[in-house]
Amino acid sequence: MYLATTGRPDAPPAPSGVRRRVPGTVLALGAVSLVTDVSSEMVTAVLPLYLVLGLGLSPLQFGLLDGLTTGATALVRLLGGATADRGGRHKQIGGLGYALSACSRLGLLLAGGATGWIATALAADRLGKGVRTAPRDALITLHSPPEDLGRAFGTHRAMDTTGALLGPLAAFALLWATADAYDAVFAVSFCVGSFGVLLWVLLVPGRAREKAGTAPAPAPEAPAAPRARGGLLAGLRSPAYRRIVLCAGLLGAATIGDSFLYLLLQRRLAFDATWFPFLPLGAAGVYLLLAVPAGRLADRTGRRGPFLYGHGALLLAYGLLLAPLPDAAVLLGVLALLGVFYATTDGVLMALTGPHLTEGRQAGGLAVVQTAQALARLGAAVAFGAVWTASGPETALVAALLALTAALCCAARLLPAPPRTGRRRKAPELPEPHRPAPASQPSQPSEPSTPSQPSERTD
């Protein structure tokens, strides 16, 4: 019922032989994400300034707007994942999501200062992201060797983060050149996003029938994707997958948005608002450097540990914002820890989930995890904004720190752990003359018959 190609779902054995290259489809998806993130991060970098400082929204209003637009993707993620799995239409559904996000930039451009139209445009952007994320990550899973999933997701996230690094730079350059004309940022963002859609159409293959690391199947075959039994939530019958979904929701409920962290930094350091778009660059730079090493480490040592340690880094970032330290240390520390958090959790969570998905339900299974996380972060954004408005930012940050501590303790107990047996290595073979001929014959069939049966886990 479940994919059993990895043997150990959490920490697959190291690949034998020559190291495989990153699949071309993963690189193509990374190129699309790079361009798309330039477009989206141009808007994300200036949006808190535009809404809070420009339009005068309160922290509670900003939290509601940010949380509701994020939570609006929940059902769309599930629908997009289920539709993409039906007939293997990952490219079509993912392309629709990229196109919707690109068109949302026009909505921001035409909205002016109307909060309702801005909320609609932001919702369209988040809906597009919700539609495309699961099919895109499913394509990565389908085109990558199971033992290299962490490395594949790390490579994709590194390319994605390169766009996140360039986007704020482009936004700052445009604001500086146009004397704070936000419309120019929205217009250029739309053009870049449209180019990303074009790359998706030209570079991303429509179907992923061949197994990663093997020769492609003959063209006449191309059978339809195997149809899994049960509905979209059928994967929750697996205890390990169910725990992953629960932990993603628990930790998401204690994770406040990046925009709030940047606003807290700007408030504490009291720097000029012109420099605000530079804040995401520090976190993106650390993420870019660590994404691939973190993925490879997760493949070798198990994906559970890096995922938990990453949330520990976020916990330290919350603590730094409350600590009586020099402003420079707080600024550098928070941005660095935020980059570590994303490098060790974003792609690692998808790689941790991948081996537990039913055949033919990859996009839907990933969508359930992403939806649980998105809904939890919706509640976190609204709650943090409400506490900030009612009691001040320090009280809200202390509450977030306590909530993340509790969620991390629960996740450490609930998240499926790798088997304790470790990597099974065969004893070094003796030269042929020293090996008793009769003893070697019965030992061969006995190994797959008894020990391998209990070692296969359906979790």
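Residues numbered from 1 in each chain as written. Predicted model: local features only at pLDDT ≥ 70, side-chain atom pairs only at ≥ 80, totals over all residues. Heavy atoms only, no water.

## Topic: the overall build of the chain
Okay, so step 1: From N to C terminus, the chain includes 16 helices and 0 strands.
Okay, so step 2: Counting every position in the chain, which comprises 459 residues, the buried fraction comes to 50%.
Okay, so step 3: For the chain, long-range pairs separated by at least 24 residues make up 86% of all intrachain contacts whose partners lie at least 6 apart in sequence. (Helix = DSSP H or I, 4+ residues; strand = E, 2+ residues; numbered from the N terminus. Buried < 20%, exposed > 50% of the residue type's maximum accessible area, 1.4 Å probe, protein only. Contact = heavy atoms within 4.5 Å.)

## What about the packing of aromatic side chains?
Okay, so step 1: As enumerated under the stated definition, the model contains 6 aromatic pairs in all.
Okay, so step 2: Among the aromatic residues, those joined into a cluster by ring pairs are Phe260, Phe384 and Trp388. (Phe/Tyr/Trp six-rings, centres within 6.5 Å; stacked < 30°, edge-to-face > 60°.)

## Some words on the environment of Leu175
Okay, so step 1: By secondary structure assignment, the location of Leu175 is in helix H6 (residues 149-177).
Okay, so step 2: Taking the C-alpha atoms as reference points, Leu175 and Val46, 129 residues apart in sequence, are found 9.2 Å from one another.

## A look at helix H14 (residues 393-414)
Each α-helix winds once per 3.6 residues, and so residues spaced three or four apart point in a common direction.
Okay, so step 1: An ideal rise of 1.5 Å per residue puts 32 Å on 22 residues; H14 measures up with 31 Å between its terminal C-alpha atoms.
Okay, so step 2: All of the buried residues in H14 are Pro393, Ala396, Leu397, Ala400, Leu404, Ala407, Leu408 and Ala411. Buried residues along H14 cover an arc of 110° about the axis, so they all sit on one side. Exposed side of H14, more than 90 degrees from the buried face: Leu402 and Arg413 are the residues found there.
Okay, so step 3: Buried residues along H14 sit against helix H8 (239-252), helix H9 (258-269), helix H11 (304-322) and helix H13 (362-391). (Expected span 1.5 Å × (residues − 1). Arc of directions from axis to C-beta.)

## Side note on the nonpolar core
Okay, so step 1: Counting residues in hydrophobic clusters, the biggest one holds 92 residues, and the most contacted among them are Leu51, Ile256, Leu265, Tyr318, Leu321, Val369 and Phe384.
Okay, so step 2: Among the elements that take part in this core, helix H1 (residues 24-54) stands out by supplying 12 residues, more than any other.
Okay, so step 3: Not counting the four nearest positions on each side in its chain, Leu265 is found in contact with Ala270, Phe271, Leu279, Leu321, Val330, Leu331, Val334 and Leu335.
Okay, so step 4: Residues Ala84, Val131, Ala138 and Ala363 belong to the second largest nonpolar core, which totals 5 residues. (Core = buried A, V, L, I, M, F, W, Y, C linked by side-chain atoms within 4.5 Å.)

## Quick notes on the pattern of salt bridges
Okay, so step 1: A full pass over the atoms with the stated rule returns 7 salt bridges.
Okay, so step 2: Arg267 is paired through a salt bridge with Glu394; the nearest N and O atoms lie 3.3 Å apart. In this pair, Arg267 is assigned in helix H9 and Glu394 in helix H14, connecting sequence segments 127 residues apart.
Okay, so step 3: Linked by salt bridges that have partners in common, Arg136, Asp137, Arg157 and Asp346 make up one network. (Salt bridge = Lys/Arg side-chain N within 4 Å of Asp/Glu carboxyl O.)

## Regarding the confidence of the model for the chain
Okay, so step 1: In this model, the chain carries a mean pLDDT of 77, and residues with pLDDT of at least 70 account for 75%.
Okay, so step 2: In the model of the chain, helix H16 (residues 452-455) stands out as the element of lowest mean pLDDT, 38, in contrast to H14, which has the highest, 93.
Okay, so step 3: Of the regions scoring below 50 in pLDDT, residues 1-18 engages in 50 contacts with residues more than four places distant in sequence or in other chains.
Okay, so step 4: Confidence drops under a pLDDT of 50 for residues 208-228, and excluding neighbours within four residues, the segment shows 25 contacts in the predicted structure. (pLDDT = per-residue confidence, 0-100.)

## Some words on the packing of H13 against H14
Okay, so step 1: Across the interface, H13 lies against H14 with an axial gap of 7 Å and an inter-helix angle of 145°. Seen from above, H13 lies across H14 with right-handed handedness. Where H13 approaches H14, its residues Phe384, Val387, Trp388 and Ser391 are matched on the opposing element by Pro393, Thr395, Ala396, Leu397 and Ala400.
Okay, so step 2: Residues belonging to the contact of H13 with H14 are distributed by class as follows: 7 nonpolar, 2 polar and no charged. (Axes fitted to C-alpha atoms, helices over the stretch in contact; angles between N-to-C directions. Left-handed = near helix turned anticlockwise from the far one by under 90°. Nonpolar A, V, L, I, M, F, W, Y, C, P; charged D, E, K, R; others polar.)

## Quick look at helix H10 (residues 279-301)
Okay, so step 1: Helix length check: H10, at 23 residues, gives a terminal C-alpha distance of 32 Å against a target of 33 Å (1.5 Å per residue), a fit within 8%.
Okay, so step 2: The sharpest bend along H10 comes to roughly 40°, located at Leu290, with the proline Pro293 sitting one to four residues further on.
Okay, so step 3: All buried positions along H10 are accounted for by Leu279, Pro280, Leu281, Ala283, Ala284, Gly285, Tyr287, Ala291, Ala294, Gly295, Ala298 and Asp299.
Okay, so step 4: Where H10 is buried, its residues contact H6, H9, H11 and helix H12 (327-353). (Bend = angle between axes of the 7 residues up to and from the residue.)

## Structural notes on the environment of Arg304
Okay, so step 1: Inspection of the secondary structure puts Arg304 in helix H11.
Okay, so step 2: A C-alpha to C-alpha distance of 7.4 Å links Arg304 and Pro416, two positions 112 residues apart in sequence.
Okay, so step 3: A polar atom in the side chain of Arg304 sits 2.2 Å from the backbone oxygen of Ala412. (Polar contact = N/O pair within 3.5 Å; in protein donor to acceptor, adjacent residues only side chain to side chain.)

## What to know about the packing of H6 against H12
Okay, so step 1: Taken N-terminus to C-terminus, the directions of H6 and H12 make an angle of 145°; their axes are 8 Å apart at the nearest point. The interaxial crossing formed by H6 with H12 has right-handed handedness. Where H6 abuts H12, its residues Leu149, Gly150, Phe153 and Arg157 lie against Asp346, Gly347, Met350 and Ala351.
Okay, so step 2: Of the residues that constitute the contact of H6 with H12, the class distribution is 4 nonpolar, 2 polar and 2 charged.

## Details of a nonpolar patch on the surface
Okay, so step 1: Side chains of Phe195, Leu198, Val201, Leu202 and Leu203 sit close together on the surface and give an oily, nonpolar patch of about 490 Å² of accessible area.
Okay, so step 2: Tracing the sequence through the fold places Val201 in helix H7 (residues 182-203). (Patch = residues over 30% accessible without salt bridge, like charges linked within 9 Å, V, L, I, M, F, W, Y side chains within 5 Å. Areas by Shrake-Rupley, 256 points an atom, 1.4 Å probe, with all protein chains shown as cover.)

## Quick notes on the environment of Leu47
Okay, so step 1: Mapped onto the secondary structure, Leu47 falls in helix H1.
Okay, so step 2: For the pair Leu47 and Ser259, spaced 212 residues apart in sequence, the C-alpha separation works out to 8.7 Å.

## Looking at the side chain of Thr255
Okay, so step 1: Within the secondary structure layout, Thr255 lies in the loop between H8 and H9.
Okay, so step 2: By relative accessible area, which is 4% here, Thr255 ends up buried.
Okay, so step 3: A polar atom in the side chain of Thr255 sits 2.7 Å from the backbone oxygen of Leu251.
Okay, so step 4: Discounting residues that sit within four places of it in the chain, Thr255 has contacts with Leu314, Tyr318, Phe341, Arg377 and Ala380.

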